[in-house]
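# Coordinate analysis (summary)
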Amino acid sequence: MEKWWVLSLQLAELFVSSMVHIAYGFYIFSTAVAGDLSLGLSDWLFGPNLTDVYKREESTGSSRGPDLPPIVLVHGIFGFGKGRLGGLSYFAGAEKKDDRVLVPDLGSLTSIYDRARELFYYLKGGQVDYGEEHSKACGHSQFGRIYDIGHYPEWDEDHPIHFVGHSAGAQVVRVLQQMLADKAFKGYENTSENWVISITSLSGAFNGTTRTYLDGIQPEDGKSLKPISLLQLCRIGVLLYDWFDIPMLKYYYNFGFDHFDLSWKRIGIRGLFHCLMGKAGPFASGDWILPDLTIQGSIRLNSHILTFPDTYYFSYATKRTRKFMGTVIPSGIFGIHPMLFLRVLQMSQWRHPLDTTPPYKGYRDEDWWENDGALNTISMTHPRFPVEHPSQFVTHDSQFHPLQSGIWYYKIVEGDHILFIINRERAGVEFDLIYDSIFERCRKHAFRKTPTLPNEVHHN
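Below or above, wherever it landed, is the structure these notes cover. (Residues numbered from 1 in each chain as written. Predicted model: local features only at pLDDT ≥ 70, side-chain atom pairs only at ≥ 80, totals over all residues. Heavy atoms only, no water.)

## Remarks on the pattern of salt bridges
Filter applied, for reference: For this analysis, a salt bridge means a side-chain nitrogen from Lys or Arg found within 4 Å of a carboxyl oxygen belonging to Asp or Glu. Under the scheme used here, helices are H or I runs from DSSP no shorter than 4 residues and strands are E runs no shorter than 2 residues, and both carry numbers assigned from the N terminus. Summary of the burial criterion: residues with accessible area below 20% of their type's maximum are buried, those above 50% are exposed, and those between are partly exposed, where the area comes from a 1.4 Å probe applied to protein chains only.
Following the criterion strictly, the structure yields 19 salt bridges and no others. Glutamate 132 is the salt-bridge partner of lysine 136, the closest N and O atoms lying 3.1 Å from each other. Linking lysine 136 with glutamate 132, this pair stays in helix α4 (residues 132-138), spanning four residues, or about one helical turn. Residue glutamate 132 is classed as partly exposed on the basis of its relative accessible area of 47%. Ionic pairing is found between aspartate 245 and lysine 250, a salt bridge with its closest N-O pair at 3.7 Å.

As structure tokens, this is what we get:
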């Protein structure tokens, strides 16, 4: 009887979670479609010139010197870059704060490794090469999307880049920097870690999250899925979405698994059956992002990633919990997004199963209770496991100066995981304070050679 009661509760929780996530996804998708329809109607009624005027008026970035490095904003899980979901901005328009900002569109559910490879070719140009050995092991094509012209083809040690990553995007940038140091890109033997000036993390997924286990990853191995879970529903939905391969839908949003060739034109009904049964595809090989976001998966990644002495590192960790009479609870109701509230509560009460091996030596449940609804605060400050990297806690942005490279400066901000993306109004003035601070630091404080600022340009 007790087992049936527990199962009923689990199914009820699964139903509520899935409905909330589906509703939010539909809201985002419908908002993008409505925005495109409105723009199309405006062009039809008033002509395209009016749209151009609006774009010029909305641009808040000041003129920048031609030698200033670009700032690249890297989205997180289920995210999207410029060109997807119509005119919707993942970073809620933060990219308009500077003229030299790039917002790449990477696979929203592909592995950290695959996304790092995609980011390199997005910037340098050429056809994405996932690597022969990796591609064979994971069962997908070695080559992917083609960029005829890179978005920053001059990228090298003399023309380095600032990166800002949200959630899993921060870990993607770290993996990319390590690949540059390891000279892991065929045909580019001169890459180095110094192609990166700075990495700024917004709610970065450095050490994994206990949410992956709540969503359906087995805590025993950090890879396999529970038979009944939110991630199982997600897996089935993604496979069907890619199998039907409807061009209009994939134009608006793409999970990034094109290199697995999951279209009905390629694999047919039998191929879909094999994927659904877990015998083929990204979920069978483990080459997708959720295993990388477990504590075990993050430790595997971190064991190969360094913090480099000539790069500046900054991190904004978020939390939506507080301690009350010795217990960690959500810090409010109205300040937490409805999609995240249940997970904030569950993560603050997480207990690693006693009959399974802890993810690392010295693991304690209470260290992982503070969270923002998607990631644990301990995971977002700086790389900690298996080896803790140099770090310095700051309470105010002014403490970032004077800067020292090779150290993770981190600050803890009150907010949930999506406070600084999608909806600018939710963050209010805090949105501008955070992004203005990040962009100013990139332009005025974090550099290897003194840049020429716009007011210092002399014209003959």
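## Quick notes on a nonpolar patch on the surface
Spelled out, the test is: Each patch is built from residues lacking any salt bridge and having more than 30% relative accessible area; the joining distance is 9 Å for like charges and 5 Å for nonpolar side chains (Val, Leu, Ile, Met, Phe, Trp, Tyr). Surface accessibility in these figures is a Shrake-Rupley result with a 1.4 Å probe; residues are shielded only by whichever protein chains are displayed.
Where nonpolar side chains cluster on the molecular surface, the patch consists of Phe15, Val16, Met19, Ile22, Leu342 and Leu345 and spans about 540 Å² of accessible area. For the nonpolar patch, the element with the most residues is helix α1 (residues 2-46), which contributes four residues. The topology assignment puts phenylalanine 15 in helix α1.

## A short note on the sheet that holds strand β6 (residues 196-202)
The test is simple: Any two strands with at least two DSSP-identified bridges between them are counted as paired. Contacts are assigned to residue pairs with any non-hydrogen atoms lying within 4.5 Å of each other. The axes are straight lines fitted to the C-alpha atoms, using for helices just the contacting stretch, and the angles between their N-to-C directions are given from 0 to 180°.
In space, the seven strands of this open sheet follow the order β2-β1-β5-β6-β7-β11-β10, with parallel pairing throughout. Two strands close off the open sheet at either side, each with one partner strand: β2 (101-102) and β10 (391-393). Here strand β1 (residues 71-74) runs beside β2; their pairing, made up of two bridges, is parallel. The partner of isoleucine 71 across the bridge, within β2, is valine 101. Across the face of the sheet, helix α3 (residues 112-124) comes into contact with β1, β2 and β5 (161-166) while running at roughly 145 degrees to β1.

## Thoughts on the environment of threonine 31
Within the secondary structure, threonine 31 sits in helix α1. Look at threonine 31 and you get partly exposed, because its relative accessible area is 30%. Along the backbone, threonine 31 and glycine 86 are 55 residues apart, and their C-alpha atoms lie at a distance of 9.0 Å.

## Considerations on the packing of helix α7 (residues 230-244) against helix α9 (residues 264-276)
Cut-off, in case you're wondering: Angular relationships are summarised with four words: roughly parallel below 35 degrees, roughly antiparallel beyond 145, roughly perpendicular across 65 to 115, and oblique for the angles in between. Crossing handedness is read from the near helix: turned anticlockwise from the far helix by less than a right angle, it gives a left-handed crossing, and turned clockwise, a right-handed one. Amino acids outside the nonpolar list (Ala, Val, Leu, Ile, Met, Phe, Trp, Tyr, Cys, Pro) and the charged list (Asp, Glu, Lys, Arg) are all regarded as polar, and Gly is one of them.
The contact between α7 and α9 brings their axes to 9 Å, and the two run at 165 degrees. Relative to α9, the element α7 is oriented roughly antiparallel. Two packed elements cross with a definite hand, and for α7 against α9 that hand is left-handed. Contacts between α7 and α9 involve Arg235, Ile236, Leu239, Leu240, Trp243 and Phe244 on the former and, on the latter, Trp264, Ile267, Gly268, Ile269, Leu272, Cys275 and Leu276. The residue inventory of the contact of α7 with α9, partitioned by class, reads eleven nonpolar, one polar and one charged.

## Regarding unusual backbone geometry
Working note: non-glycine residues mostly have negative phi, and peptide bonds are mostly trans. With an omega of 5 degrees, the peptide bond running from phenylalanine 385 to proline 386 counts as cis. Tracing the sequence through the fold places proline 386 in the loop between α14 (377-380) and β10. Even without a glycine there, the phi angle at leucine 85 is positive, about 50 degrees. As for its placement among the helices and strands, leucine 85 is situated in the loop between β1 and β2. Of the residues examined, leucine 85 reaches a relative accessible area of 3% and is grouped as buried. Despite not being glycine, aspartate 261 has its phi angle at roughly 50 degrees, a positive value. On the secondary structure map, aspartate 261 appears in the loop between α8 (247-252) and α9.

## Observations regarding the nonpolar core
Here is the rule: To qualify as a nonpolar core, a set must consist of buried Ala, Val, Leu, Ile, Met, Phe, Trp, Tyr and Cys residues joined through side-chain atoms within 4.5 Å.
Membership of the largest hydrophobic core comes to 109 residues, with the highest contact counts inside it found for Leu119, Leu123, Trp155, Phe163, Leu176, Phe257 and Tyr435. Considering each element in turn, this core owes the most residues, eight residues, to helix α5 (residues 168-181). For leucine 123, the contacting residues outside a window of four places in its chain are Val72, Leu102, Gly150, His151, Tyr152, Pro153, Trp155, Ile161 and Phe163.

## A word on the packing of aromatic side chains
For clarity, the threshold we go by: Side-chain rings of Phe, Tyr and Trp (the six-membered ring for Trp) are treated as a pair once their centres are within 6.5 Å; stacked means planes under 30 degrees apart, edge-to-face means over 60, and tilted covers the remaining angles. Remark: a charge is flagged as sitting over a ring if the NZ atom of Lys or the CZ atom of Arg is within 6 Å of the ring centre and within 35 degrees of the ring normal.
For the structure shown, the criterion picks out 29 aromatic pairs. Relative to phenylalanine 260, the ring of phenylalanine 257 lies with its centre 5.9 Å away and its plane at 80 degrees, an arrangement referred to as edge-to-face. The pair formed by phenylalanine 257 and phenylalanine 260 is uniform in burial state, with each residue classed as buried. Every member of this aromatic cluster is reached through a ring pair, and the members are Phe120, Tyr121, Trp155, Phe163, Phe185, Tyr188 and Trp195. Lying across the ring of phenylalanine 314, arginine 441 places its NZ or CZ 4.2 Å from the centre.

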